[in-house]
Amino acid sequence: MFEASGYPLLPVMPEMVLAAGAMALLMLGAYRGQGTTALVTGLAVCLLIVTGVLELTLPAGKLATFGGSFIVDDFARFMKIVALIGSVATLVLSAEFLSDPSRRIFEYSILVLLSTLGMMVLISAGDLIALYLGLELMSLALYVVAASNRDNAKSTEAGLKYFVLGALSSGMLLYGASLIYGFTGTISFAGVAAAAKTGSVGLVFGLVFLLAGLCFKVSAVPFHMWTPDVYEGAPTPVTAFFASAPKVAAMAVFVRAAMTAFPGITTEWQQIIVFVSIASMALGAFAAIGQRNIKRLMAYSSIGHMGYALVGLAAGTPEGAQGVLVYLAIYVAMTLGSFAIILAMKRNGQAVEQISDFAGLSRTNPMLAFFFAMFLFSLAGVPPLAGFFAKWYVFVAAIKAGLFTLAVIGVLTSVVGAFYYLSIVKVMYFDEPLTRLEPMRLELRTVLAVAGLFNILFFVYPGPLVSVAAAAAKSLF
């Protein structure tokens, strides 16, 4: 490992630029007032792109600073780029929401920037303190963003629910971290791995609480209670954000903590992950069937998809980690594309969110119906779309690790999930059409085109993403 001794702050340069930029934009907004909302949003997008470029220009190999508590390796680079793409797309999708005169809140973009900063710290965390700092920086901004539509009771309720349950999960995670420190005498993942060759009861207790806190952040069962209500109540662009970038960061630290801090007690955490994965896949498949609101359906869908991603982690192998990385990259594209379409569903100036509102969309807007059908087929895992390959890599890793039951249950829940995705396609193509939708805005079209083409054409040339994910996964072992 290259400890950046000559340039100790080099590994954190992208994060420092992002933090300084966010503070500068905060000053700009504070001095110039709410009229700067569009300008601040545009500059925030540019800042995130610059941060991504800086991340890619860091020296190759494994960099560490702050005594190993902040690590930049291929795994961190991959996850940070995926998280940054999610954040950029969210700000682009939010343009219409922020253009409303009653909602010109320049702070919105700055909160997204600060949350993204927390995600980047979380992804590079090399010890328990960095993990907690990153997690809280990410979460505190998210609580506020969830309630950003202050005139809407549902949005306020969503923010409050997320805050109360988030505080509970943070307490559990912190308790687990303190137990791990107490039984190993160290907070660094490498130190914990060296001390945890044998799983003492206290250490396993700490591990359980730590994983419980992380399960909340990826909204895995049984810590999923907040997800449907918050997804439905929060403004739609915020829901798109919740469903993409923070999930990537939380899953990244989940994988890093499990595989680098507890390799000596793999069987103990594997049992937990297998249970959580099966429960999430099953609940995501069956609970979504009765939903009538598209955002609630997407919430249960995201619970199920985190279950599938955890299948790769349960394998505990480099192939499993690679499966998780490929899965998350494709999941972010599918989710952002789907939410671009949900945001485009407007009639007479009002956003419509009921599944029945998609009736006959194939006749009134065939292109939108086609892309949404492709996203739904992909979420269901239908070949040759990207979603099929996402599931393929995690299931193959599970089978090679001998987790046959887990893989079989995963395939069966995919079949159940296909039912509710196909029911939306049926509504779009076979029900009587409603009145026409309003024209789709340019920024929504842009996100839809990029995500849609990636999703449909991924099978043509999957090599680059798969090989980069393989190199990123190997850097953990």
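Below is a short write-up of the structure.

## With respect to the overall build of the protein chain
Right, on to step 1. Along the backbone of the protein chain there are 21 helices and five strands.
Right, on to step 2. A compact globule built from 477 residues should have a C-alpha radius of gyration of about 23 Å, and the protein chain, at 21 Å, falls within 12% of that.
Right, on to step 3. Dimensions along the principal axes, computed over C-alpha positions, put the protein chain at roughly 65 × 55 × 40 Å.
Right, on to step 4. Approximately 17,600 Å² of the protein chain is accessible, and the part contributed by carbon and sulfur atoms is 71%.

## Some points on helix α21 (residues 463-474)
Right, on to step 1. Its 12 residues place the ends of α21 16 Å apart at the C-alpha level, agreeing with the 16 Å of an ideal helix rising 1.5 Å per residue.
Right, on to step 2. Within α21, burial applies to L465, V466, A469, A470, A472 and A473. On an axial view of α21, the arc spanned by its buried residues comes to 165°, and they lie on one face.
Right, on to step 3. Those residues of α21 hidden inside the fold are in contact with α3 (74-93), α15 (318-344), α18 (386-400) and α20 (442-457).

## Some points on unusual backbone geometry
Right, on to step 1. A cis geometry characterises the amide bond from V221 onward to P222, with omega recorded as 5°.
Right, on to step 2. Its location among the elements puts P222 in the loop between α9 (201-217) and α10 (226-233).
Right, on to step 3. The linkage connecting P383 with the following residue, P384, adopts the cis geometry, with an omega of 0°.
Right, on to step 4. Counting through the fold element by element, P384 comes out in the loop between α17 (366-380) and α18.
Right, on to step 5. Positive phi values are uncommon outside glycine, yet F66 reaches one of about 55°.
Right, on to step 6. Examined against the element boundaries, F66 turns out to sit in the loop between β2 (63-65) and β3 (70-72).
Right, on to step 7. We note that S219 has phi near 50°; this positive angle belongs to a residue other than glycine.
Right, on to step 8. Mapped onto the fold, S219 is located in the loop between α9 and α10.

Rules behind the numbers
Residues numbered from 1 in each chain as written. Predicted model: local features only at pLDDT ≥ 70, side-chain atom pairs only at ≥ 80, totals over all residues. Heavy atoms only, no water. Helix = DSSP H or I, 4+ residues; strand = E, 2+ residues; numbered from the N terminus. Rg over C-alpha atoms; globule rule 2.2 N^0.38 Å. Areas by Shrake-Rupley, 256 points an atom, 1.4 Å probe, with all protein chains shown as cover. Expected span 1.5 Å × (residues − 1). Buried < 20%, exposed > 50% of the residue type's maximum accessible area, 1.4 Å probe, protein only. Arc of directions from axis to C-beta. Contact = heavy atoms within 4.5 Å.

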